[in-house]
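# Inside the fold
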Amino acid sequence: MSHHPPAPRPVTHAGYDDVPDDAGNAAARGWWDENADEYLAEHGAFLGDAGFRWGPEGLTEAEAGLLGEVDGARVVEVGAGAAHCSRWLVGRGARVLATDVSARMLAGAARLNAASGVAVPLVQADARALPLASAGADVVFTSYGAIPFVADAARVHAEAARVLRPGGRWVFSVTHPVRWAFPDDPSARGLTVHRSYFDRRPYVETDDLGEVRYAEYHRTVGDHVRDVAAAGLRLRDVVEPEWPGWNTATWGGWSPERGAVLPGTAVFVATKD
């Protein structure tokens, strides 16, 4: 008798659809467990075993300094994936805890811990319900983690605010909201608007039984700002990285051709008063 779970059913439909929040939320863990190894194989070299990039443009934390002084700081990464960013921070003297909802991603993180010799503590946790004490962190951050994959991102912001000490910092990067009006196409075809920026239906993939296999949520710039404010946090900056000349890579819908004229990433910097 096999003890392996049954193979996931193939995706038969993809598009912008309203789905129950619990179905969209539940899909994230399974999708990242299923695709973690492929994702890390494809993007690992760009990310670096102990590198910190805010998005496909390649902007690094070393360049941007959005987390502030990290030497000695208590830092929590949510939606950490394989904890590339956390490993970089350890090398800068931070005391870091990396969390992710996906066991398979954290298995990849453990492999990279061993390969790099930088042992970041890893905890499997939902970013909306962190198993951490209140007011114990100096910095909480995520690079493209958690927020796009839950229907109730306000809970992610609320948890970041809860675990931060007064004066602490919450920094998160997401796909630039403007990009949701354009096709996810790295070529010139991706430069023509094909849907409303104000259409907040998530991008959803389902199987032939209608089960949600993947869901990614669109929020406008204003939505993100309101979520930050509702958590009791103060927005300090919004960084829109420009595409650098050295980066010739294509990553999904991100490419030099699109990056030259259209923002691809937004990084929000907030503090807890």
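How each quantity is defined
Residues numbered from 1 in each chain as written. Predicted model: local features only at pLDDT ≥ 70, side-chain atom pairs only at ≥ 80, totals over all residues. Heavy atoms only, no water. 1 Å grid on protein atoms, 1.4 Å probe; cavity = no way out; pocket = protein on both sides within 12 Å on 5 of 7 lines; lining within 4 Å. Points joined across faces, edges and corners; volume = space filled by probe spheres on them. Nonpolar A, V, L, I, M, F, W, Y, C, P; charged D, E, K, R; others polar. Helix = DSSP H or I, 4+ residues; strand = E, 2+ residues; numbered from the N terminus. Expected span 1.5 Å × (residues − 1). Buried < 20%, exposed > 50% of the residue type's maximum accessible area, 1.4 Å probe, protein only. Arc of directions from axis to C-beta. Contact = heavy atoms within 4.5 Å. Polar contact = N/O pair within 3.5 Å; in protein donor to acceptor, adjacent residues only side chain to side chain. Pairing = 2+ DSSP bridges. Axes fitted to C-alpha atoms, helices over the stretch in contact; angles between N-to-C directions.

## A few points about empty space enclosed by the protein
Evaluated as defined, the whole model comprises two cavities of 30 Å³ or more. If you add up the space inside the largest cavity, you get close to 90 Å³. Together, Ile147, Pro148, Val174, Thr175, Pro177, Trp180, Glu216, Tyr217, His218, Arg219 and His224 line the largest cavity. For the second largest cavity, the calculated volume is near 40 Å³. If you go around the second largest cavity, the residues you meet are Glu57, Arg179, Pro241, Trp243, Trp254, Ser255, Gly259, Leu262, Pro263 and Gly264. Of the residues that constitute the lining of the second largest cavity, the class distribution is five nonpolar, three polar and two charged.

## Topic: the layout of surface pockets
Its boundaries defined by the atoms lining it, the second largest pocket holds a volume of some 220 Å³. Around the second largest pocket sit twelve residues that line it, and Pro8, Gly30, Trp31, Glu34 and Arg213 are the ones nearest its centre. Counting residues per element, the ones that place at least two in the lining of the second largest pocket are helix 1 (21-47) and strand 8 (212-216). Here the lining of the second largest pocket takes five residues from helix 1, the largest share from any one element. The residue makeup of the lining of the second largest pocket, split by class, is six nonpolar, one polar and five charged.

## Considering helix 4 (residues 103-116)
End to end, helix 4 covers 20 Å across 14 residues, agreeing with the expected 20 Å (1.5 Å per residue, within 8%). Among the residues of helix 4, those classed as buried are Met105, Leu106, Gly108, Ala109, Leu112 and Asn113. Around the axis of helix 4, the buried residues are gathered within 150° of arc, so they sit on the same side. Facing away from the buried side of helix 4 by more than 90 degrees, the exposed set consists of Ala114 and Ala115. Contacts from the buried residues of helix 4 go to helix 1, helix 3 (84-90), strand 3 (95-100) and strand 4 (122-124). Among the residues of helix 4, the N-terminal cap falls to Ser102, whose side-chain oxygen and the backbone nitrogen of Arg104 are separated by 3.3 Å. A positive backbone phi angle near 75° is found at Gly117, which sits one or two residues after helix 4.

## A few points about the sheet that holds strand 4
Spatially, seven strands are ordered 4-3-2-5-6-10-9 in an open sheet, and the strand pairing comes out mixed. The two strands at the open ends of the sheet, each matched to only one other strand, are strand 4 and strand 9 (233-239). On average, adjacent strands in this sheet sit at an angle of 20° to one another, irrespective of strand direction. For strand 9 and strand 10 (residues 265-272), the ladder comprises six bridges, and the chain directions are antiparallel.

## Points about the environment of Gly190
Relative to the helices and strands, Gly190 is located in the loop between strand 6 (164-175) and strand 7 (203-207). Along the chain, Gly190 and Trp254 lie 64 residues apart, while their C-alpha atoms are 9.5 Å from each other. When near neighbours in sequence (up to four residues on either side) are disregarded, Gly190 contacts Phe182, Pro183, Asp185, Arg258 and Leu262.

## Side note on the packing of helix 1 against helix 4
Packing of helix 1 against helix 4 leaves a shortest axis separation of 7 Å and a crossing angle of 35°. For the pair formed by helix 1 and helix 4, the contact residues are Trp32, Asp33, Ala36, Asp37, Tyr39 and Leu40 on the first element and Ala103, Arg104, Met105, Gly108 and Arg111 on the second. The residue inventory of the contact of helix 1 with helix 4, partitioned by class, reads six nonpolar, one polar and four charged.

## Overview of the environment of Arg200
Looking at where Arg200 falls in the secondary structure, it is placed in the loop between strand 6 and strand 7. Given a relative accessible area of 39%, Arg200 falls into the partly exposed group. When the C-alpha atoms of Arg200 and His218 are compared, they prove to be 5.5 Å apart, with 18 residues separating the residues in sequence.

From the geometry alone we can't say anything about function, so treat these as descriptive.
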